[in-house]
Amino acid sequence: MWELLVLMLERLGIIVMVAFIMTRISYFRELLDRYDVTFAERLKITLIFGLFGIIGTYIGLEVNPNEPTYSVWTWKVGEDEALANSRVIGVVVAGLLGGWRVGTGAGIIAGIHRYSLGGYTAFACGISAVIAGMLAGLIHRLVKKNRIITLPGTFIIGALCEAIQMGVILLVADPFERALALVQMIGFPMILANGIGAMIFILIIRNVIREEERIGAAQSEKALRIADRTLGHLRKGLTPESAKATCAILVKEVGAVAVSITDRTRILAFEGQGKDHHPVGSEVQTPATKRVLEMGELVDATEKDIACEESGCQIRAGIIVPLKQEGATVGTLKFYVRSEKELTPIKRELVKGVSRFLSNQLELARVDELRELANQAEVRALQAQVSPHFLFNALNVIVSLIRINPGYARKLLLQLSYYLRQNLTSTKRGTSTLREEIDHVKAYLSIQEARFQDRLQVEYQIDERALSYNVPSMTLQPLVENSIKHGFEGKKRNAAFYLYVHIESIENDKVRVTVKDNGVGMDPDRLESLKKNPLDSKDGTGLGVFNVSKRLKLMLGEESELHIESEKSKGTTVYFYMTNGGTDRDENDKNVNC
């Protein structure tokens, strides 16, 4: 008995070899990671495990209960002989990993093969293989959430299936006396050896899975670290500065000899070995880089592709990947190594992931650029907008005053000139001081006062200490114009307009700017809509109030958004808060007509 056990344990070396080979098969690893394998994949796995069961039969030991001798590598079993084998290992592992379909299928394949070899235990052994596959498959359902059963559990299942085979032999094999003698001879060694064999098989698989998970976790950690450190550089666009900062990070993180970034025509940055003879700004020359720019796909560059003429240069191979923006290749990312042997699949996948991440940053940079251009265009359109009605009305007022009050007409003409000049000047800069904004508003209101004569009353209350505060250009004028155009619509007399600028908190430099009228006001629905979206307007773009609020929040913070209070027939009050975030554009000019 002990001699048989030693011989069977020796054969487990073959089991270890086969198990290792099986872990190299991609279909086999997919079965471990997925539960939605296709029928074709499941069939291939079943055949593989069935073949493994057949191998376990062939490497078995031929035994004869009447003669205590063993022979190996049996191809045919005599009528008085039986086999001590490791067939059940493949069938049990098939069921534990693939479920009852794979386990039963592998058991049928291995069982039919064993039956074909003959011997008085042929039928019993064939049936036992199928039972073992089904039993292991049922246990698979219990351990499915844990992916793989524990090692002690595997040993118990392997030993149990072999014990069941011994029981079937006693029940089916004929004559019973010979079956009993066989079980007494091989029962314990086979139960123990096959339990150990199944456990070793699962141990190998567990180690492979853990190693892949460890490598995957390390790569994920490295990718996240690279993403965190490079985040924001290429978000500024593909420039020499952003490329240099990115290459300096990547050359340390990826383990490359050197890293380079190019646009479509020239090298933007180069960091690492060979920096002295790969000058930044030189044109792209290597055929491999040009292929990536043309095809937009990864290319493994060999020493011939790189063709560095500098003696002693350590760059012998590399991975070149495209950098894309809106689907078009706008540049390349190049990782150089010392040998083609370093171009491993793991490094290739890491480089591809870095390329995708950096390309996403370029996409976001493009989105930011377009958004900024759109905002600038929107603001400039608003700033340059002069209502034709206002201009015609202003000129008509001036013409009517030329004869009766030429001095006043001259003053209004100067105010109109200043107003128009400020509209054009403000399109070229993003911020103005409150002093400039108020002067702009006063020029506008002086014309409106002349137009409405005694029907419009204007009042200013302005704290000169706040005049150096910076605000987005054209902040007050749209609010004032909106109040005059819409607040006083249909109001024939007693129209009043107020502009207040006062410091609420000296300690925090907090200033409140208020534009108020006693006009027609707004109903609650229109007031709520005005705070959230631009509204259609009969005159102008309809972007005024909404745009001002958006720019205030963008430049001064969320606390600086516009606050609007209005009541039907009782007027409207618009105000916002600001702090001293800038410097006075004109420290010497303190004279404001209030």
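Residues numbered from 1 in each chain as written. Predicted model: local features only at pLDDT ≥ 70, side-chain atom pairs only at ≥ 80, totals over all residues. Heavy atoms only, no water.

Novice: Even after reading the chapter, I still don't get the packing of aromatic side chains, so can you show me in this structure?
Specialist: Aromatic rings considered in pairs are described by the distance between their centres and by the relative angle of their planes. Across all of its chains, the model carries 6 aromatic pairs by this definition. Residues Phe-52 and Phe-201 carry aromatic rings whose centres are separated by 5.1 Å and whose planes lie at 55° to one another, so their mutual orientation is tilted. Here Phe-52 is found in helix α3 (residues 39–58), whereas its partner Phe-201 is found in helix α7 (residues 176–230), with 149 residues between them in sequence. In this pair, the class of Phe-52 matches that of Phe-201, namely buried. For the pair Tyr-419 and Tyr-444, a centre-to-centre distance of 5.7 Å together with 35° between the ring planes defines the contact as tilted. Here Tyr-419 is found in helix α13 (residues 406–425), whereas its partner Tyr-444 is found in helix α14 (residues 434–452), with 25 residues between them in sequence. Each member of the pair, Tyr-419 together with Tyr-444, is buried. An aromatic cluster is present here, built from Phe-49, Phe-52 and Phe-201 joined pairwise through their rings. Taking NZ or CZ as reference, Lys-510 lies 4.5 Å from the ring centre of Tyr-577, over its face. Above the plane of the ring of Tyr-575 lies Arg-512, whose end atom (NZ or CZ) is 3.7 Å from the centre. (Phe/Tyr/Trp six-rings, centres within 6.5 Å; stacked < 30°, edge-to-face > 60°. Helix = DSSP H or I, 4+ residues; strand = E, 2+ residues; numbered from the N terminus. Buried < 20%, exposed > 50% of the residue type's maximum accessible area, 1.4 Å probe, protein only. Lys NZ or Arg CZ within 6 Å of the ring centre and 35° of its normal.)

Novice: Can you walk me through the nonpolar core in this structure?
Specialist: One broad trend across soluble globular proteins is that nonpolar side chains are buried collectively. Counting 50 residues, the largest nonpolar core has Leu-434, Leu-445, Phe-497 and Phe-576 as the members making the most contacts within it. Examining the composition of this core, we find that 9 residues originate from one element, α14, more than from any other. Discounting residues that sit within four places of it in the chain, Leu-445 has contacts with Val-458, Tyr-460, Val-480, Ile-484 and Phe-497. Of all hydrophobic cores here, the second largest spans 25 residues; its members include Val-251, Val-259, Ala-269 and Leu-350. (Core = buried A, V, L, I, M, F, W, Y, C linked by side-chain atoms within 4.5 Å. Contact = heavy atoms within 4.5 Å.)

Novice: Explain the packing of helix α4 (residues 87–117) against helix α6 (residues 151–172) to me, please; I cannot follow it from the model alone.
Specialist: Geometry of a packed helix pair, given as the angle between the helix axes and the separation of the axes. Direction vectors running N to C along α4 and α6 enclose 125°, while the axes themselves pass 10 Å from each other. Comparing the axis directions of α4 and α6 gives the class oblique. For the pair α4 and α6, the crossing hand works out as right-handed. Across from Arg-87, Val-88, Val-92 and Leu-96 in α4, the residues of α6 making contact are Thr-154, Ile-157, Gly-158, Cys-161, Glu-162 and Gln-165. (Axes fitted to C-alpha atoms, helices over the stretch in contact; angles between N-to-C directions. Parallel < 35°, antiparallel > 145°, perpendicular 65-115°, else oblique. Left-handed = near helix turned anticlockwise from the far one by under 90°.)

Novice: It is not clear to me how the pattern of salt bridges should be interpreted in this structure. Could you clarify?
Specialist: Side chains carrying opposite charge are able to pair once their charged atoms draw close together. All chains considered together, the criterion is met by 6 salt bridges. Taking the shortest distance from any N to any O, the salt bridge between Lys-570 and Glu-567 comes out at 3.5 Å. The partly exposed category is assigned to Glu-567, whose relative accessible area is 45%. (Salt bridge = Lys/Arg side-chain N within 4 Å of Asp/Glu carboxyl O.)

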